[in-house]
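As a plain string of letters, each chain reads:
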Amino acid sequence: MNEQVNITLPDGVIKTYPVGVTPMEIATEIGAGLAKSTVAARVNEKLVDACDPIQTDASIKIITPRDADGVEIIRHSCAHLLGHAVKQLYPTAQMVIGPVIENGFYYDIAYERSFTPEDLELIEARMKELIATHYDVIKRRTPRDEVVSIFGSRNENYKLKLIEDMPNETHMGLYYHEEYIDMCRGPHVPNTRFLEHMTLTKVSGAYWRGDSKNEQLQRIYGTAWATKKELRSHLRMLEEAAKRDHRKLGKELDLFHFREEAIGAVFWHHKGWKVFQELISYMRRRQHNAGYIEVNTPDIMDLGLWEKSGHWENYGENMYTSETADDKTLALKPMNCPGSVMMYDHGLKSYRDLPIRMAEFGKVHRYELSGALHGLMRVRHFTQDDAHIYCKEEQMLEECTKIIHLVLDIYKQLGFDDIAIKLSTRPEKRMGSDGIWDILEAALIDSLEALELDYKLNPGEGAFYGPKLEFVLRDAIGRDWQCGTLQVDMNLPKRFELDYVDEDGNKKTPVMLHRALFGSLERFIGILIEHHAGKFPAWLAPVQVAIMTISEPFNEYALEVGKSFDRANIRLEYDIGREKIGYKIRCQTLQKVPFMIVIGAQEAEKSQVTLRHITGEQTTFTNIQDAIDYVSDKCKAPDIV
RNA sequence: GCCUGCAUAGCUCAGUAGGUAGAGCAACUGACUUGUAAUCAGUAGGUCGUUGGUUCGAUUCCGACUGCAGGCUCCA
């Protein structure tokens with residue numbers, strides 16, 4: 001009979017212990033310090049509690065708060081602790097689920113009233129008290145019927161429903177936080193002293209099982225970290241994000257505004273509109289070089305078109321419609337594709353014409369739920385840098401590859417190196433046969449593989465007419481934003497009976513690719529504002545040069561300098577009022593103007609130009625043209641060499 | 001759309017335990033003619049988001065509505 005187990009430590013050393021030894025016992029034997037920081041363990045690659053007995057030979061790694069797994073466990077245990085505190089303060093509350101999320105955790109709770117920020121403070125204070133008592137968290141593997149009776153007697157009806165979802169489990173892990181009991185797969189911390197660096201962040205509603213048809217629960221969010229330092233730096237990151245908020249900067253930098261008369265719609269001020277136009281110019285050049293043509297289709301078209309395209313059935317709840325005096329119903333376009341299809345359909349197409357890469361900066365209108373709106377990031381009317389590529393089936397792979405190449409290169413030029421790709425496959429609400437979906441999904445996967453790119457699968461998230469790739473970029477402070485998409489589609493061309501004359505003289509149906517690279521110009525500008533914290537690169541800056549004088553006698557020379565810069569298409573503003581130069585510099589710095597020109601007696605007399613960079617360094621040019629050449633060079637768009 | 005919170009001058013905010021409001025910046029006027037992140041003084045500016053109710057009296061208390069913020073759902 002084998003009463004010993006061989007345990008392999010991470011350094012390869014093999015030690016022998018009695019059967020049933022626990023990770024905590026092993027850690028204790030290795031050293032008191034390790035034992036003290038033991039959160040859990042990885043035994044044969046599986047995460048287990050520090051108290052779980054080991055029955056067979058195994059490799060082991062002790063998990064401490066220094067490990068990413070350790071921090072996750074801390075967050076998970078914080079959720080339980082939240083339950084402990086909530087049940088003490090609000091005994092009739094019913095706990096639902098308390099998972100770990102990025103940077104923290106939440107717990108969904110059913111309670112007769114909503115929690116307020118004051119409740120949150122009370123709960124957090126109670127959690128801190130409980131942490132300070134350093135109580136042990138005790139795990140008991142418990143037979144199913146006993147678990148049911150425990151939660152039944154405690155009126156934890158949601159826990160009972162969750163148990164019903166696990167018909168095959170004969171035993172559950174129960175974690176005892178003193179009088180509070182939670183059910184969990186675990187593992188969890190052995191003692192609350194690990195949970196010190198947490199704070200509750202917000203309350204909100206959340207639907208039971210995530211379905212808006214179900215009752216609404218209260219969700220309490222928190223964040224937790226291994227050390228005080230990490231907690232503090234996370235809270236600082238949130239502050240930094242608040243400072244970069246594009247809604248705040250949009251106001252401060254005079255880029256755009258929103259108002260009640262047109263909710264979810266942007267009023268672009270001339271400075272913001274300049275950024276918008278610059279981005280479109282950039283995209284036009286890139287698309288032209290990539291073999292695209294640009295068209296423009298109507299914003300409002302007969303409802304019949306949208307019925308035929310399937311939008312009315314699949315997307316109708318997001319569409320705006322309008323009745324006219326002649327009893328026609330028209331719809332504002334929520335997407336550009338049907339218009340593009342009309343454009344293709346006009347006139348005969350030959351296989352020699354394909355691929356046709358047809359771009360359109362189309363403004364689309366989508367009725368979004370009011371609660372979904374968010375600054376420029378989520379609006380009801382926005383401009384897509386859309387394009388539809390019509391090609392033969394055998395050209396599909398190459399066209400997909402080209403698009404992926406283009407989008408990654410553009411993001412890179414604009415300063416985003418960290419791009420994630422998501423593949424969204426057939427949704428429940430869709431059109432077209434499974435055979436077609438097989439071909440389309442394979443095309444996207446093949447093109448990603450041809451480029452050796454990693455991607456994450458999002459099953460069931462595709463558009464109703466085809467699967468899609470989504471390009472997610474990571475900004476300067478580590479947040480992810482979804483921008484571009486690429487969708488492949490054989491359904492719309494079929495519905496609209498699009499065709500081309502092939503080599504053999506027969507008519508064939510083209511494949512249609514839908515792609516947007518910025519996605520929404522509005523959202524992309526929001527992302528750029530936050531990524532650069534309002535300090536646009538010079539080529540995008542609404543004002544590239546501020547010309548300012550030391551005092552009024554030099555205004556005339558300042559205007560002369562300004563005219564020369566203006567002729568060179570450099571965007572400039574004058575700041576030649578009676579304020580002191582220090583004040584002018586402060587204002588222009590706060591406006592994040594990349595270059596300032598200071599003009600006083602010295603410059604006026606010698607026809608010089610002194611350039612001040614936003615960073616504070618200065619360069620003096622002995623003639624205006626040299627300064628213009630220098631600034632022009634710095635204001636070049638990244639695709640222009 | 002749902003949950004919670006918020007709404008005071010152009011902006012950022014204070015305030016009124018119910019008696020029609022105040023600061024800083026910005027604007028305007030005047031003085032100063034100024035060299036690298038705020039010169040000084042003065043003037044003007046608000047039906048306290050809208051709308052009902054309670055009250056002798058509501059910006060303040062209560063309700064409804066609208067918008068905004070954070071979530072949920074959805075999504076470019």
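Residues numbered from 1 in each chain as written. Chains lettered and ligands numbered in written order. Predicted model: local features only at pLDDT ≥ 70, side-chain atom pairs only at ≥ 80, totals over all residues. Heavy atoms only, no water.

Engineer: Honestly, the overall build of chain A in this entry has me stumped. Any pointers?
Structural biologist: The helix and strand tally for chain A stands at 20 helices and 33 strands. With respect to the principal axes defined by its C-alpha atoms, chain A has extents near 90 × 75 × 55 Å. Of the contacts made within chain A by residues no fewer than 6 positions apart, 69% connect residues no fewer than 24 positions apart. In the form shown here, chain A has an accessible surface area of approximately 30800 Å², with 49% of it arising from carbon and sulfur atoms. Charge centroids of chain A, computed over 79 positive and 97 negative side chains, lie 4 Å from each other. (Helix = DSSP H or I, 4+ residues; strand = E, 2+ residues; numbered from the N terminus. Contact = heavy atoms within 4.5 Å. Areas by Shrake-Rupley, 256 points an atom, 1.4 Å probe, with all protein chains shown as cover. Lys, Arg positive; Asp, Glu negative; His and termini not counted. Charge placed at Lys NZ, Arg CZ, Asp CG, Glu CD.)

Engineer: Help me understand the protein's contact with RNA strand B in this model?
Structural biologist: Within the structure, RNA strand B sits among 61 residues, and Ser 204, Tyr 207, Gln 216, Arg 378 and Arg 612 are positioned closest to it. The protein-proximal atoms of RNA strand B, defined as those within 4 Å of the protein, are 54% sugar or phosphate. Val 379 places a main-chain nitrogen or oxygen 2.8 Å from a base nitrogen of RNA strand B. A distance of 3.0 Å separates a base oxygen of RNA strand B from a polar atom in the side chain of Gln 618. Per element, the largest residue contribution to the surface near RNA strand B is seven residues, and it comes from helix H18 (residues 581–590). Tallied by class, residues from the surface near RNA strand B come to 20 nonpolar, 23 polar and 18 charged. (Near = heavy atom within 4 Å. Polar contact = N/O pair within 3.5 Å; in protein donor to acceptor, adjacent residues only side chain to side chain. Nonpolar A, V, L, I, M, F, W, Y, C, P; charged D, E, K, R; others polar.)

Engineer: It is not clear to me how the sheet that holds strand E3 (residues 40–43) should be interpreted in this structure. Could you clarify?
Structural biologist: Consider a sheet: its strands pair through backbone hydrogen bonds, and that pairing is either parallel or antiparallel. The five strands lie next to each other as E2-E1-E5-E3-E4, forming an open sheet whose pairing is mixed. Among the strands making up the open sheet, the edge pair consists of strand E2 (14–18) and strand E4 (46–49). In this sheet, adjacent strand axes meet at a mean angle of 40° when their direction is disregarded. Strand direction decides the pairing type here: strand E1 (residues 4–8) and E2, joined by five bridges, are antiparallel. Each bridged residue has a counterpart across the sheet, and for Gln 4 the counterpart in E2 is Pro 18. The sheet strands contacting helix H1 (residues 23–30) are E1, E2, E3, E4 and strand E5 (58–63), and the helix crosses E5 at an angle near 75°. Relative to the sheet, helix H3 (residues 68–89) contacts E3, E4 and E5, its axis offset from that of E5 by approximately 65°. (Pairing = 2+ DSSP bridges. Axes fitted to C-alpha atoms, helices over the stretch in contact; angles between N-to-C directions.)

Engineer: Explanation requested: the sheet that holds strand E10 (residues 171–177) in the structure shown.
Structural biologist: Strands sit in the order E9-E10-E11 across an open sheet of three strands; the sheet is antiparallel. Each edge of the open sheet carries a strand with a single partner, namely strand E9 (138–143) and strand E11 (180–183). Averaged over all adjacent pairs, the angle separating strand axes in this sheet is 30°, with direction ignored. Sheet topology note: the E10/E11 ladder contains four bridges and is antiparallel. Among the inter-strand pairings, Tyr 175 is bridged to a residue of E11, identified as Asp 182.

Engineer: Please explain the packing of helix H17 (residues 555–567) against helix H20 (residues 624–634) as it appears in this structure.
Structural biologist: Packed helices, taken two at a time, are described by the angle between their axes plus the distance between the axes. With their axes 10 Å apart at the nearest point, H17 and H20 run at an angle of 45° to one another. Between H17 and H20, the angle falls in the class oblique. Note on packing geometry: the crossing formed by H17 with H20 is right-handed. Touching Tyr 557, Val 561, Ser 564 and Phe 565 of H17 are Ile 624, Ala 627, Ile 628 and Val 631, all from H20. Grouping the amino acids of the contact of H17 with H20 by side-chain chemistry returns seven nonpolar, one polar and no charged. (Parallel < 35°, antiparallel > 145°, perpendicular 65-115°, else oblique. Left-handed = near helix turned anticlockwise from the far one by under 90°.)

Engineer: Is there a simple way to explain helix H13 (residues 396–413) in this structure?
Structural biologist: Because the α-helix completes a turn every 3.6 residues, residues three or four places apart line up on one side. Its 18 residues place the ends of H13 26 Å apart at the C-alpha level, agreeing with the 26 Å of an ideal helix rising 1.5 Å per residue. Looking at H13, one finds that the buried residues are Met 396, Glu 399, Cys 400, Thr 401, Ile 403, Ile 404, Leu 406, Val 407, Ile 410 and Tyr 411. Residue Gly 415 follows H13 closely and has a positive phi angle near 95°. (Expected span 1.5 Å × (residues − 1). Buried < 20%, exposed > 50% of the residue type's maximum accessible area, 1.4 Å probe, protein only.)

Engineer: Got a minute to help me understand the pairing of E3 in this structure?
Structural biologist: Regular strands place side chains that alternate from one sheet face to the opposite one. Where E3 lies against E4, four bridges are found, and the strand directions are antiparallel. Paired with Val 43 across the bridge in E4 is Lys 46. Sheet topology places E3 next to E5; four bridges connect them, and they run antiparallel. Paired with Ala 40 across the strands is Ile 63, a residue of E5.

Engineer: Even after reading the chapter, I still don't get the side chain of Glu 522, so can you show me in this structure?
Structural biologist: Structurally, Glu 522 can be placed in helix H16 (residues 521–531). Lys 363 provides the closest opposite charge to the buried, unpaired Glu 522, separated from it by 5.0 Å. Those residues in contact with Glu 522 that sit more than four places away from it in its chain are Val 266, Trp 268, Phe 276, Leu 376, His 381, Phe 382 and Thr 383. (Salt bridge = Lys/Arg side-chain N within 4 Å of Asp/Glu carboxyl O.)

Engineer: Explanation requested: empty space enclosed by the protein in the structure shown.
Structural biologist: Taken as a whole and judged by the stated rule, the model has one cavity of 30 Å³ or more. Estimates place the volume of the largest cavity at around 100 Å³. Every residue lining the largest cavity is listed: Leu 253, Leu 255, Lys 271, Gly 534, Phe 536, Ala 541, Pro 542, Val 543, Gln 591, Lys 592 and Val 593. Of the residues assigned to the lining of the largest cavity, the class counts are seven nonpolar, two polar and two charged. (1 Å grid on protein atoms, 1.4 Å probe; cavity = no way out; pocket = protein on both sides within 12 Å on 5 of 7 lines; lining within 4 Å. Points joined across faces, edges and corners; volume = space filled by probe spheres on them.)

Engineer: Where do I start with the nonpolar core in this structure?
Structural biologist: One broad trend across soluble globular proteins is that nonpolar side chains are buried collectively. With 63 residues, the main nonpolar core has Leu 279 and Phe 524 as its most contacted residues. For this core, the element with the highest residue contribution is H13, accounting for eight residues. Ignoring anything within four residues of it in the chain, the contact list for Phe 524 reads Leu 279, Tyr 411, Leu 414, Phe 416, Leu 473, Cys 483 and Phe 518. With 35 residues, the next largest nonpolar core counts Ile 73, Ala 79, Met 95 and Tyr 175 among its residues. (Core = buried A, V, L, I, M, F, W, Y, C linked by side-chain atoms within 4.5 Å.)

Engineer: Sorry, what's going on with helix H5 (residues 144–153) here?
Structural biologist: Within H5, the full set of buried residues consists of Val 147, Ile 150 and Phe 151. Projected down its long axis, H5 carries its buried residues within an arc of 90°, all on one side. Looking at H5, the residues exposed on the side facing more than 90 degrees away from the buried face are Asp 145 and Ser 153. Here the buried face of H5 lies against E9, helix H6 (157–164), E10 and E11. Among the residues trailing H5, Asn 155 stands out with phi positive, at a value near 60°. (Arc of directions from axis to C-beta.)

Engineer: Help me out: how do you make sense of unusual backbone geometry in this one?
Structural biologist: Residues apart from glycine generally show negative phi values, whereas peptide bonds are mostly found in trans. For the peptide bond that leads from Leu 354 to Pro 355, omega is 0°, which places it in the cis range. Here Pro 355 is to be found in the loop between helix H12 (337–345) and strand E20 (356–365). Positive phi is not limited to glycine here, since His 134 has a value of about 50°. Among the secondary structure elements, His 134 is positioned in the loop between helix H4 (117–132) and E9.

Engineer: Sorry if this is basic, but what is going on with the layout of surface pockets here?
Structural biologist: Unfilled space is identified by rolling a water-sized probe across the atoms. Estimated volume of the largest pocket: approximately 1200 Å³. Around the largest pocket sit 39 residues that line it, and Tyr 315, Met 335, Arg 366, Glu 368 and Lys 468 are the ones nearest its centre. Secondary-structure elements contributing two or more residues to the lining of the largest pocket are helix H11 (311–315), strand E21 (381–391), strand E24 (468–474), strand E25 (480–489) and strand E28 (511–520). Considering each element in turn, the lining of the largest pocket owes the most residues, five residues, to E28. Of the residues in the lining of the largest pocket, the class split is 13 nonpolar, 13 polar and 13 charged. Volume-wise, the second largest pocket comes out at about 930 Å³. Lining the second largest pocket are 34 residues; nearest its centre among them are Gly 173, Tyr 175, Cys 184, Arg 185 and Gly 186.

As far as function goes, none of this settles anything; it's purely spatial.
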